[in-house]
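In case you want the letters, here they are:
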Amino acid sequence: YTDHGKQDSQVQAKGDAFMVNPMVNLWKFDNKYMTTTDQNLYIEFDPSTTTAMGDVNAAFDQETDPITKKGDTALAAAHPRYDRYLRQHYNIEMDLKPKGMGKLHKPATYNLWRYNETGKEYSSDETLPPREIIATFDSDDASYVHSFALSEKYVVMVQCPFTYDLATLMRG
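Residues numbered from 1 in each chain as written. Predicted model: local features only at pLDDT ≥ 70, side-chain atom pairs only at ≥ 80, totals over all residues. Heavy atoms only, no water.

(A) Focus on the side chain of Thr 37. Tracing the chain through its elements places Thr 37 in the loop between strand 2 (32-36) and strand 3 (42-45). Look at Thr 37 and you get buried, because its relative accessible area is 6%. At a separation of 3.2 Å, a polar atom in the side chain of Thr 37 contacts the side chain of Asp 38. (Helix = DSSP H or I, 4+ residues; strand = E, 2+ residues; numbered from the N terminus. Buried < 20%, exposed > 50% of the residue type's maximum accessible area, 1.4 Å probe, protein only. Polar contact = N/O pair within 3.5 Å; in protein donor to acceptor, adjacent residues only side chain to side chain.)

Written out as structure tokens, the structure is:
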């Protein structure tokens, strides 16, 4: 847990502009328990002691997981979804880009990802299989996505009028 930019020995903040604060949701990916937020931050913890186990996103393979490779400054929906019948986790992750990079450039790319549970008991030194990006779309507006809905055939995402400008965010 990092509070107001102070770093503790369990979790290191990745930059001055962003604070590690994964305290919105608790998830169980197979047998690994994680805490997360509306940033691309997943921190594994011991459910008996609540002690953090490793660094940000360490439970996922740094080389093969497409979401971990994006880094921890990407945004995500604060309330991901879990299909208990199919044993699949879903979330929408957003890549922000500066505006004004040409006609074809869009300031936001949304990626819907899925994690398929394997039922395997992973040891503490094993990483989970990679998440899979199953849909991607670009948008003219980098809108905050707090939550989304799943149906049998569709993902429903609402783009709220609250939008981001990456350059302004980085300036503080």
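(B) Just the pairing of strand 1 (residues 25-29), in detail. With burial as the criterion, only one face of strand 1 is covered, namely that bearing Asn 25, Trp 27 and Phe 29; the residues Leu 26 and Lys 28 on the opposite face remain uncovered. Looking at chain direction, strand 1 and strand 2 are connected through 5 bridges and run antiparallel. Counterpart to Asn 25 in the pairing with strand 2 is Thr 36. Taking the residues between adjacent antiparallel strands as the criterion, strand 1 and strand 2 are bridged by 2 residues, where Asp 30 takes a positive phi near 50 degrees. (Pairing = 2+ DSSP bridges.)

(C) Spotlight on a nonpolar patch on the surface. There is a patch of nonpolar side chains on the surface, built from Tyr 154, Val 156 and Val 158 and spanning about 330 Å² of accessible area. Take Val 158: it is sitting in the loop between strand 11 (155-157) and strand 12 (163-164). The exposure class assigned to Val 158 is exposed, which follows from its relative accessible area of 55%. (Patch = residues over 30% accessible without salt bridge, like charges linked within 9 Å, V, L, I, M, F, W, Y side chains within 5 Å. Areas by Shrake-Rupley, 256 points an atom, 1.4 Å probe, with all protein chains shown as cover. Salt bridge = Lys/Arg side-chain N within 4 Å of Asp/Glu carboxyl O.)

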